Structures are given as structure tokens and as C-alpha cells.
Amino acid sequence: MKINFYTMNAPHLILIGCGFAGLELIKKLNGKPIKVTVIDKNNYFNFQPLMYQVASGGLGPDSIVYPLRKIVSKMPNVIFRMAEVNFIDTNQKQIYTSIGKISYDYLCIATGAKTNFFDNKELEKYCMQLKSIPDALDLRSDILQEFEKALSESDSGKIERILNFVIVGGGPTGVETAGALAEIKKYVIPADYKELDASKMHVYLIEAAPRVLSSMSEISSRKAEFFLKQLGVEVLTNTSVISYNASNGQLTLSNNKVLETDTVIWSAGVIGKTIEGIKTELVSRGNRYKVDAFNRLEGYEDIFVIGDVAYMTSDKNYPNGHPMVATVAQQQGRLLAKNIIRLLKKEPMQPFIYKNKGSMATIGRHKAVFEIYGFKLQGYIAWLGWMFLHLMLLVGFRNRMMVFLNWLWNYITYQRAIRIITRPYTQKS
Ligand SMILES: Cc1cc2nc3c(=O)[nH]c(=O)nc-3n(C[C@H](O)[C@H](O)[C@H](O)COP(=O)(O)OP(=O)(O)OC[C@H]3O[C@@H](n4cnc5c(N)ncnc54)[C@H](O)[C@@H]3O)c2cc1C
């Protein structure tokens, strides 16, 4: 049978969300006897691990995203629709989207995660976040705008507030963003903003746990903190944020300290991004859907959930669910594709078991911490390993080349290539 979405007589799978998990799923279902409709609110795949480099002007957004249509165009049994899914009707087996209703035989939810503000509406309204390309561009504009603002300010107290950058959350995103900002202070300000006294810029990293990168080993954590401090980042561990008053810039911390700042970057965790229509009792810890060992939504034979939004407790090494990282999402996407094929052939499915190969974070030029298959590396070799792996993991040859050339340029010039404000950011009032 010639494979063609419109002419083939095969069950119809709708995939909601084509991030790390969804992309692996469709790659493995390419050419298989199943019709797949991919729905995503964006028309691109976003390589989130490098988003902090877009925010800090090191890379342009087009270097880390890849058009979904281009991916799908080579897959005869897969089509793409750009739409936001708002509601799932599990009885009628239909989804309601911004472009209308669509029926499914099988459904896969892979909507990822959103920033966790712990129900604090004020923090949600006034803090910057790093979860999407528009967020990264907003942050890039905001950082550069703050420098421009500082240049035209004469009140030294106000200059201090403008040049205080606070990052909340010492996970990989927080650590990498803090490192990037510290490098801007070291290399970009003296070159581009010569009237500005760089010593007035302060980068704070606030972490509620006793150490940054708490998901990594103690040795990697300590080394990362050392690297951050070497770069001039003020690391406050065992400290959490109590409140933020955007009108006077006061960020109150648990140790009663108050920092004055116009820029708070919130990277203190994520929660699953769920969709209306699924019974609330199926939403568990971290706002994630409860799934069985085959990524099936509990109680449903025809609905699967993969990636950050899936909460699986059957994997004996992860009784409290898997970490919300790209490798889990990718492995679940790949296995689910195989399981769907098995299901169609009426063969037994295989349970998901996460193979954790390691994790890493970079802290500016020549410095990174890297844990792979139990080996722990820090410093220059780890930094080279971090760059190599990220280049390999990017989607598309053009993106790899663009990122490589940008990194080379940044390395030689000590600059961040994209120091431009293309869409000015205005803080919500
Ligand atoms: C800044 C940052 C840095 C990170 N760094 C790392 C790292 O270094 N290493 C690592 O392993 N992990 C990292 N992660 C985590 C990693 O990106 C996630 O674990 C991974 O993206 C999860 O994949 P996913 O497919 O579940 O979700 P995503 O990749 O987020 O994909 C979800 C997709 O669903 C779409 N979507 C959502 N809701 C709807 C809707 N209602 N309708 C239509 N479409 C919708 C979105 O547009 C998106 O394309 C990072 C995350 C962030 C935010």
C-alpha cells in the first residue's frame, strides 16, 4: 500500500505538542501504517536547552528552532496543523482547537511544561521567564534596555536597582543564565557601554536548596558554585523569595534581606501543561497526568501522554516520577512509537524504563560540569563536551552550523553577537 495520509485506510493518531517527546514519536512513526496529525501552537520545534543563549544575545532564535512543516513534509503519513488545543472530549474522541474540532482514534498528549510560580500571581505577572522564544526575546530586550536606562539615569540608587539582575532557581537554566549575565558584565559592558561602570552591575542567583544543581552530584554542584562565584555571581543558597513589589523593585527574601531590582528572572521550576477536559483526578504531582508503564493515561486505552506532562510511577528507579528533562521525553516518544506499532499488530507493549545517561550545565567560557555514565568532569573538558553534545542534539544541519559559527565568533571576539533590541519589552503594569 502506498503511504499517503489522505488516501490510506488506517487509524488516526492526533499528537498534541511537537517538542522533544512528540518529535521522536513522529520520527519513529514515519512511514508506518497509521495516520498522524501533529498539532502545535507554534510552527517550530524549540531546542529549549539553548534558550538562555538567545536571551543573553549569544544566539539568534532561528539558530535553535526548526520548522515543523519541514520535518513533516518528508513524512507521507503525517500532516501538521498550527493550532492551540483548548479542550479534549474523551467520550466523543474529539479535540477542540483554535481552528476547529478534530476526531481521533488515538490521542497523544505531549504539551510539555509551564513555569511554576507556586500560585503567586504577583511573581507570575512581574517576573521574566524562559519557557518560550518570545520569553527569551523579551529577556534579551529587557537586559539591553536596562543598560540603556542606566546610562541616562543620574540617581546612583536607581542605577543600582536597574543593574541588579536576580535569577531565582539554581537548576541548569538558572545557573547557565547567571553565568551568561556575568559574562555580559565582564566583556560586553566595557566594550559597548563604556560610560557605564560595570562594577555597578550585580548578578544574584537565589536557590532555596542548600546547593545549586541539586539534581547533580555534590561535587558537580560545589564546582558549579565555585565557577559562578569566580565569575562574580552572588550565589545565595538556602534562600527563597517571599515577594516582589515591581513598583519599588523590592524583592524580599526568606533571610529578611531585600534586594532592589527591576529584573527578576524566574527559573525555579516547572509544572505540567494540561488541557481542559481530562478528569482532574488524573492530574497528579507537578500538575502532570498519571500514566501507566506504557504511557497510557490511567483508565484509557486510546490516550497516551509523554514527556514533561506525563507522571509515571511504575519505573522502579523513579517512584516519584521522572525528571522533567529532554532525555526522558525523547525516550518516551521513541518507545511509544514502537508500542503503538505493537498495539496495531496486537502484540504486547513494553514498559518504559528510563536510561539516565547523565546531565550537564555550562557556566561561561571554559567552564562546565558534566556527568555522563557515572563519570564526572568539570572545567575545560566538560565545557568542550557540553558544546559538542549540544551541537549534535540540535535539529538540522543549518542550525548546527549557525550555532557553531556564532560560538566561534563569540569565543574569538569575547562578544555576544546579537546585542539588538528588535521588539522592545515593556513590563506589565
Ligand atoms: C530554558 C530551559 C532549558 C532546559 N535545559 C535542558 C537541558 O539542558 N537538558 C534537558 O534534558 N532538559 C532541559 N530542559 C527541559 C526540556 O526542554 C524539557 O524536558 C523538554 O522540552 C520536554 O519535552 P516535551 O516534549 O514534554 O515538551 P516540549 O519540548 O516543551 O514541547 C511541548 C510542545 O507542546 C506545544 N503545546 C503546548 N501546549 C499546547 C496546546 N495547548 N496546543 C498545541 N500545542 C501545545 C508547545 O508549543 C511545544 O511545542 C530545559 C527547559 C527549559 C525551559
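Residues numbered from 1 in each chain as written. Predicted model: local features only at pLDDT ≥ 70, side-chain atom pairs only at ≥ 80, totals over all residues. Heavy atoms only, no water.

**A closer look at helix 1 (residues 20-29)**
- Summarising burial for helix 1: eight of the ten residues are buried, a large majority.
- Those residues of helix 1 not exposed but buried are F20, A21, G22, L23, E24, L25, I26 and L29.
- One or two positions beyond helix 1, positive phi appears at G31, with a value near 80°. (Buried < 20%, exposed > 50% of the residue type's maximum accessible area, 1.4 Å probe, protein only. Helix = DSSP H or I, 4+ residues; strand = E, 2+ residues; numbered from the N terminus.)

**As for the environment of H12**
- When you line up the elements, H12 lands in strand 1 (residues 12-16).
- In the structure, H12 is positioned 66 residues away from V78 in sequence and 9.9 Å away in space, judged by C-alpha atoms.
- Within the structure, the side chain of H12 is placed 2.6 Å from the side chain of T37, a separation counted as a polar contact.
- Only 3.0 Å separates the side chain of H12 from the backbone oxygen of S103, close enough to count as a polar contact. (Polar contact = N/O pair within 3.5 Å; in protein donor to acceptor, adjacent residues only side chain to side chain.)

**Some words on the sheet that holds strand 1**
- Pairing is parallel across the open sheet formed by five strands, whose spatial order is 5-2-1-9-21. Two strands lie at the open edges of the sheet, namely strand 5 (78-82) and strand 21 (303-305), each paired on one side alone. Strand after strand, the sheet turns through a mean of 20° between neighbouring axes, direction not considered.
- Alignment of strand 1 against strand 2 (residues 35-40), held across five bridges, turns out to be parallel. Residue pairing in the sheet places L15 in a bridge with V38 of strand 2.
- Together, strand 1, strand 2, strand 5 and strand 9 (106-109) form the strand contacts of helix 1, whose direction differs from that of strand 1 by roughly 155°. (Pairing = 2+ DSSP bridges. Axes fitted to C-alpha atoms, helices over the stretch in contact; angles between N-to-C directions. Contact = heavy atoms within 4.5 Å.)

**A look at the pattern of salt bridges**
- In total, this model carries 15 salt bridges according to the counting rule given.
- Measuring nitrogen to oxygen at the nearest pair gives 3.1 Å for the salt bridge that ties K27 to E24. With K27 and E24 both in helix 1 and three residues apart, this pair spans about one turn of that helix.
- It is possible to trace a salt-bridge network through shared partners that takes in E146, K149, R161 and D262. (Salt bridge = Lys/Arg side-chain N within 4 Å of Asp/Glu carboxyl O.)

**Observations regarding the nonpolar core**
- Of all hydrophobic cores here, the largest spans 95 residues; its most connected members are L13, L25, I26, L50, I64, F147 and L181.
- Two domains each put at least three residues into this core: domain 1 (12-41 + 83-115 + 271-344) and domain 2 (121-268 + 365-413).
- In this structure, L25 is in contact with L13, L15, C108, I306, G333, L336, A337 and I340, ignoring residues within four places of it in sequence.
- Formed by 28 residues, the second largest nonpolar core is a distinct cluster that contains I16, I109, M312 and L335. (Core = buried A, V, L, I, M, F, W, Y, C linked by side-chain atoms within 4.5 Å. Domains from an automatic or database assignment.)

**Some words on the domain arrangement of the protein**
- Split by domain assignment, the protein resolves into domain 1 (12-41 + 83-115 + 271-344) and domain 2 (121-268 + 365-413).
- The C-alpha-based centres of domain 1 and domain 2 are spaced at 32 Å.
- Contact residues are listed per partner, giving four residues for domain 1 and four residues for domain 2.
- Roughly 340 Å² of surface becomes buried between domain 1 and domain 2 when both sides are summed, with 62% attributable to carbon and sulfur atoms.
- If you sort the residues of domain 1 by the area they bury against domain 2, L23, A113 and T115 come out on top, with a joint share of 82%. (Buried area = accessible area lost by both parts, 1.4 Å probe.)

**Overview of the site of the ligand**
- Close to the ligand lie 28 residues, the nearest being A21, D40, Q48, V85 and D308.
- Contact between the ligand and K41: a nitrogen atom at 3.1 Å from a main-chain N or O atom of the residue.
- At a separation of 3.4 Å, an oxygen atom of the ligand approaches a polar backbone atom of V325.
- Protein contacts shield 89% of the accessible area of the ligand, which totals 1,000 Å² for the unbound molecule.
- When contributions to the shell around the ligand are tallied by element, the ones reaching two or more residues are helix 1 and helix 9 (326-344).
- Counting residues per element, the shell around the ligand draws most heavily on helix 9, which supplies three residues.
- Split by residue class, the shell around the ligand holds 13 nonpolar, nine polar and six charged.
- Shared between two domains, the shell around the ligand holds at least three residues of each, these being domain 1 (12-41 + 83-115 + 271-344) and domain 2 (121-268 + 365-413). (Near = heavy atom within 4 Å. Areas by Shrake-Rupley, 256 points an atom, 1.4 Å probe, with all protein chains shown as cover. Nonpolar A, V, L, I, M, F, W, Y, C, P; charged D, E, K, R; others polar.)

**Some words on the packing of aromatic side chains**
- By the definition in use, this model includes 14 aromatic pairs.
- Look at F117 and W266: their rings are 5.9 Å apart centre to centre, the planes differ by 25°, and that puts the pair in the stacked class. With a gap of 149 residues between them, F117 in the loop between strand 10 (113-115) and helix 4 (121-126) and W266 in strand 17 (residues 263-266) connect regions that are remote in the sequence.
- A residue is classified by how much of its surface remains accessible, and F117, at 5% relative accessible area, is buried.
- Through pairs of rings, three or more aromatic residues link up here, namely F20, F45 and F47.
- Seen from the ring of F5, K35 lies directly overhead, with NZ or CZ sitting 5.4 Å from the centre. (Phe/Tyr/Trp six-rings, centres within 6.5 Å; stacked < 30°, edge-to-face > 60°. Lys NZ or Arg CZ within 6 Å of the ring centre and 35° of its normal.)

**Topic: a nonpolar patch on the surface**
- A cluster of nonpolar residues, L377, Y380, I381, L384, F397, M401, F404, L405, L408, Y411 and I412, forms a patch on the protein surface that exposes about 1,000 Å² of accessible area.
- No other element matches the seven residues that helix 11 (residues 397-413) contributes to the nonpolar patch.
- Positionally, I381 belongs in helix 10 (residues 380-393).
- For I381, a relative accessible area of 56% gives the class exposed. (Patch = residues over 30% accessible without salt bridge, like charges linked within 9 Å, V, L, I, M, F, W, Y side chains within 5 Å.)

**A look at the side chain of N164**
- Considering the arrangement of structural elements, one finds N164 in strand 11 (residues 164-168).
- By relative accessible area, which is 3% here, N164 ends up buried.
- Sequence-distant contacts of N164, defined by excluding residues within four places in its chain, comprise H202, Y204, E260, T261, D262 and T263.

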